[in-house]
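Examining the three-dimensional arrangement
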Amino acid sequence: MRWVKSRAYIKMPTNRKNLLMFDSLLYWQEPETIYLDVTNHCNLKCKMCPHSMKDIQFEKGHMEWEFFKKVISQIDNTKSLSLFASGEPLIAKNWDRILKYCLEEKKFSDCISFSTNGLFLNEQRARRILGKNVAFSVSIDGGTKSTYESIRKGGRFEVLLKNLRSFRDCKRRYNTDKPFLSFTFVAWKDNIMELPLVIKLASEFDSKQVTLIHRIFYKKEDFDKYSLCNYRETFDTCLEKSLELAGKLGIKLIHTGTFSRNIAPTEGLKEIYFKERADGALCCRTVDEHVIIGFKGLIRACCFIDKLFMGNLNFDSLGGIWNGPNYRNLRLKLYKGDYPDGCKNCSFVQILGKEEIACLCPLNTKTFISASPEIKQSYDIITVNEEFINAMEGYKKGFIKIDHLIKKLLLLWEKDNNFFEIANNLAVLYALKGDVSNAKKWIIIAKKIIAGDPIIEKNYAYLIQ
């Protein structure tokens with residue numbers, strides 16, 4: 001099934017002070033970035049990765065070719081396609097075939113990215129992406145052999161450097177600046193002092209960007225012992241020195257700012273992960289713009305691998321899940337600042353200056369994490385939306401009377417009491433009938449469900465005088 005276009009803000013004027021109605025329930029536009037978990041296997045056992053922990057078990061596997069094509073067939077418009085969500089993508093069973101397809105497919109040719117540990121980035125693989133519009137990040141959590149190999153268990157620092165040197169030489173030989181190479185550095189107490197060394201490595205291998213992120217902790221004792229939240233002066237001093245070095249070497253260092261707030265987060269970084277609500281608070285924008293598709297069909301709302309499961313492509317379409325009840329419920333909670341357990345581990349809350357509440361939610365170690373759990377949407381939003389559109393179109397063209405439309409909308413409302421679009425439209429319809437009491441009742445319900453929507457805010461301002 002192809003992606004269904006969102007029509008959330010196509011407005012239908014009424015004849016009462018220009019009150020506005022929705023004519024679609026597909027409120028959220030297509031995700032800007034789609035992450036494909038082409039494999040969750042990895043050649044390393046990194047200290048900070050849940051996959052290396054003994055007290056949690058995940059179903060492992062690779063994305064099969066036919067399933068990959070099934071997923072791709074449901075994607076029409078996306079700004080970015082990432083061939084990575086967890087694991088090491090370069091060891092995926094169908095990696096070369098998937099990458100070749102995406103590079104040749106016109107709708108993805110300008111927006112391919114992935115993250116890798118770089119240990120399989122040999123010259124043969126490097127040549128396949130030379131000159132291509134690909135962006136990839138190499139994870140380097142230490143600037144010395146001892147630190148790197150103590151963190152990335154199973155990795156060999158000299159192999160990584162050899163591969164990066166070969167890749168740099170290939171780009172220079174073919175006189176191309178593509179693909180775009182960046183480094184990612186996961187920081188905590190044990191490695192933060194080597195950030196300047198990683199910046200020097202970035203310069204040596206012609207990378208122009210290093211992204212610093214704070215390690216996510218799943219156990220409080222580890223958080224207390226290793227989190228930079230508990231070594232703030234050390235971090236702030238190191239960040240200041242690293243920024244000075246990066247400036248001299250022409251490297252862009254993306255960071256979350258100092259704990260003292262003397263240095264603000266990298267400009268635009270906050271906007272990547274958060275958007276400002278109508279009341280001035282910040283809300284995570286990942287659930288509005290990103291989607292993660294597991295190798296076997298599991299849809300996750302975020303990078304956390306044991307929580308925030310939204311659906312399964314083996315039971316529902318991508319469009320049906322993206323605008324379905326599970327995602328709708330999560331988004332509306334987040335808009336109100338009601339963050340579920342999975343969000344408590346997010347290191348990016350440090351951007352907001354809320355370090356103390358981060359990293360304190362344990363992993364779900366009680367059950368085996370299936371790659372394809374039986375998660376079904378409680379209703380098919382695509383079908384419900386078609387019913388909604390037909391009813392609104394019928395009313396607009398005069399085929400359906402206002403009382404009949406109200407009855408139809410009330411029946412659809414029973415499927416999900418989070419349909420703020422329906423609550424808004426009922427408020428307008430009752431206003432058109434002159435039923436002020438019900439008009440006020442329904443616009444208040446709509447505003448309680450979602451704050452800040454311009455249509456609802458405008459109607460609320462007129463109806464609640």
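Residues numbered from 1 in each chain as written. Predicted model: local features only at pLDDT ≥ 70, side-chain atom pairs only at ≥ 80, totals over all residues. Heavy atoms only, no water.

Re the overall build of the chain
The line we're drawing: Secondary structure is summarised from DSSP: a helix means a run of H or I of at least four residues, a strand means a run of E of at least two, and numbering begins at the N terminus for each. Between the two quantities, the radius of gyration covers C-alpha atoms and the globule rule is 2.2 Å times the number of residues to the power 0.38. Burial classes: relative accessible area under 20% of the type maximum marks a residue as buried, over 50% as exposed, and values in between as partly exposed (1.4 Å probe, protein chains only). We call two residues in contact whenever any of their non-hydrogen atoms come within 4.5 Å of each other. Areas reported here follow the Shrake-Rupley algorithm with a probe of radius 1.4 Å; residue values treat only the protein chains shown as occluding. Positive charges come from Lys and Arg alone, negative charges from Asp and Glu alone, with His and the N- and C-terminal ends not counted. Here the site of a charge means NZ on Lys, CZ on Arg, CG on Asp, or CD on Glu.
In terms of helices and strands, the chain carries 17 helices and 16 strands. The C-alpha radius of gyration computed for the chain amounts to 25 Å, which stays within 12% of the reference 23 Å derived for 465 residues, consistent with globular compactness. Here the chain holds 465 residues, and 55% of them are scored as buried. Contacts in the chain between residues at least 24 apart in sequence constitute 69% of all its contacts with a sequence separation of at least 6. For the chain, the accessible area works out to roughly 20,700 Å², and carbon and sulfur atoms hold 51% of it. Each charge class in the chain was averaged separately, 72 positive and 55 negative side chains, and the resulting centres sit 2 Å apart.

With respect to the packing of aromatic side chains
Put simply, the rule is: Think of it this way: a Phe, Tyr or Trp ring, Trp meaning its six-membered ring, pairs with another when their centres are within 6.5 Å, and the plane angle makes it stacked under 30 degrees, edge-to-face over 60, tilted otherwise.
As enumerated under the stated definition, the model contains 17 aromatic pairs in all. Look at phenylalanine 68 and tyrosine 101: their rings are 5.6 Å apart centre to centre, the planes differ by 85°, and that puts the pair in the edge-to-face class. Of this pair, phenylalanine 68 sits in helix α1 (residues 65-72) while tyrosine 101 sits in helix α2 (residues 95-104), and the two are 33 residues apart along the sequence. A ring pair is formed by phenylalanine 114 and phenylalanine 136, whose centres lie 5.2 Å apart and whose planes are at 5°; its orientation type is stacked. In this pair, phenylalanine 114 is assigned in strand β6 (residues 112-116) and phenylalanine 136 in strand β7 (residues 134-139), connecting sequence segments 22 residues apart. With respect to class, phenylalanine 114 is no different from phenylalanine 136; both count as buried.

A few points about helix α12 (residues 325-335)
Think of an α-helix as 3.6 residues a turn; residues three or four steps apart then line up on the same face. For α12, a buried count of eight out of eleven residues is recorded, marking the element as mostly surrounded by other parts of the structure. Of the residues making up α12, those classed as buried are Pro325, Tyr327, Arg328, Leu330, Arg331, Leu332, Leu334 and Tyr335.

Looking at the state of the cysteines
What counts here: Any pair of cysteine sulfurs within 2.5 Å is marked as a disulfide.
Taken as a whole, this structure holds zero disulfides when the rule is applied. Between cysteine 49, a free cysteine, and cysteine 46, which holds the nearest cysteine sulfur, the sulfur-to-sulfur gap is 6.4 Å. Given a relative accessible area of 27%, cysteine 49 falls into the partly exposed group. You can see cysteine 302 has no disulfide; the closest cysteine sulfur is in cysteine 303, sitting 4.1 Å from it.

Brief notes about the pattern of salt bridges
Our working rule: The salt bridge definition used is simple: a Lys or Arg side-chain nitrogen within 4 Å of an Asp or Glu carboxyl oxygen.
This model, assessed by the stated rule, comprises 25 salt bridges. The closest approach of N and O atoms between arginine 300 and aspartate 37, which form a salt bridge, is 4.0 Å. With arginine 300 in strand β15 (residues 298-300) and aspartate 37 in the loop between β3 (33-36) and β4 (45-46), this pair connects stretches of sequence that are 263 residues apart. Take arginine 300: its relative accessible area is 4%, and that puts it in the buried class. Under the relative-accessibility criterion, aspartate 37 is labelled buried at 3%. Close ionic contact of aspartate 224 with lysine 220 constitutes a salt bridge, the shortest N to O distance being 2.9 Å. Here aspartate 224 and its partner lysine 220 are both found in helix α7 (residues 220-226), four residues apart, which amounts to about one turn of the helix. Lysine 220 gets classed as partly exposed once you look at its relative accessible area, which sits at 49%. One continuous salt-bridge network, built from bridges that share partners, spans Lys145, Glu149, Arg156 and Glu158.

Observations concerning the pairing of β6
Selection criterion: Criterion used throughout: strands pair if DSSP finds at least two bridges between them. Viewed with both strands pointing away, a crossover whose connecting path from the first strand over the helix to the second turns clockwise is right-handed.
β6 sits mainly inside the fold: five of its five residues count as buried. Judged by which residues are buried, β6 turns out to be covered on both faces: Ile112, Phe114 and Thr116 on one side and Ser113 and Ser115 on the other are all buried. Examined bridge by bridge, strand β5 (residues 80-82) and β6 share two bridges and lie parallel to one another. When the sheet's bridge partners are listed, leucine 81 is paired in β6 with isoleucine 112. Across five bridges, the pairing between β6 and β7 is parallel. Looking across to β7, one finds that threonine 116 is bridged to valine 138. Between the parallel elements β6 and β7, the chain passes through helix α3 (residues 123-129) in a crossover that is right-handed.

Overview of the sheet that holds strand β11 (residues 252-254)
Stated precisely, the cut-off is as follows: Here an axis means a line fitted to C-alpha atoms, over the contact stretch when the element is a helix, while the angle between two N-to-C directions is reported on a 0 to 180 degree scale.
Reading across the sheet, the ten strands line up as β11-β10-β9-β7-β6-β5-β3-β14-β15-β16 and stay open at both edges, with mixed pairing between neighbours. Only two strands of the sheet have a single neighbouring strand rather than two, namely β11 and β16 (309-312). Between one strand and the next, the sheet's axes are offset by a mean angle of 25°, whatever the strand orientation. Relative to β15, strand β14 (residues 290-293) is paired through two bridges, and the arrangement is antiparallel. Bridge assignment links isoleucine 292 to a residue of β15, and that residue is arginine 300. Sheet contacts for helix α8 (residues 232-249): β10 (209-214) and β11; angle to β11, the most-contacted strand, approximately 155°.

Topic: the side chain of asparagine 312
Tracing the backbone through its elements, the reader meets asparagine 312 in strand β16. For asparagine 312, a relative accessible area of 0% corresponds to the buried category. Beyond its immediate stretch of four places on either side in the chain, asparagine 312 contacts Lys296, Gly297, Leu298, Ile299, Ile321, Ser372, Pro373 and Ile375.

Examining the environment of proline 340
Checked against the element boundaries, proline 340 lands in the loop between α12 and α13 (381-396). By relative accessible area, which is 25% here, proline 340 ends up partly exposed. Separated by 49 residues in the primary sequence, proline 340 and valine 291 place their C-alpha atoms 17 Å from one another. Every residue in contact with proline 340, bar those within four places of it in the chain, is listed here: Leu308, Leu330 and Leu334.

Comments concerning the packing of helix α15 (residues 420-433) against helix α16 (residues 436-449)
Just so we agree on the cut-off: Convention used here: angles under 35 degrees read as roughly parallel, angles over 145 as roughly antiparallel, angles from 65 to 115 as roughly perpendicular, and any remaining angle as oblique. With the far helix as reference, a near helix turned anticlockwise by less than a right angle produces a left-handed crossing, and one turned clockwise produces a right-handed crossing. Polarity classes work like this: nonpolar for Ala, Val, Leu, Ile, Met, Phe, Trp, Tyr, Cys and Pro, charged for Asp, Glu, Lys and Arg, and polar for all others, with Gly in that last group.
As a packed pair, α15 and α16 sit with axes 7 Å apart at the nearest point and diverge in direction by 160°. For the element pair α15 / α16, the angle class is roughly antiparallel. Of the two possible hands of crossing, α15 and α16 adopt the one that is left-handed. Residues Phe420, Ala423, Asn424, Leu426, Ala427, Tyr430 and Ala431 of α15 form the contact with α16, whose own contacting residues are Asn438, Ala439, Trp442, Ile443, Ile445, Ala446 and Ile449. Of the residues that constitute the contact of α15 with α16, the class distribution is twelve nonpolar, two polar and no charged.

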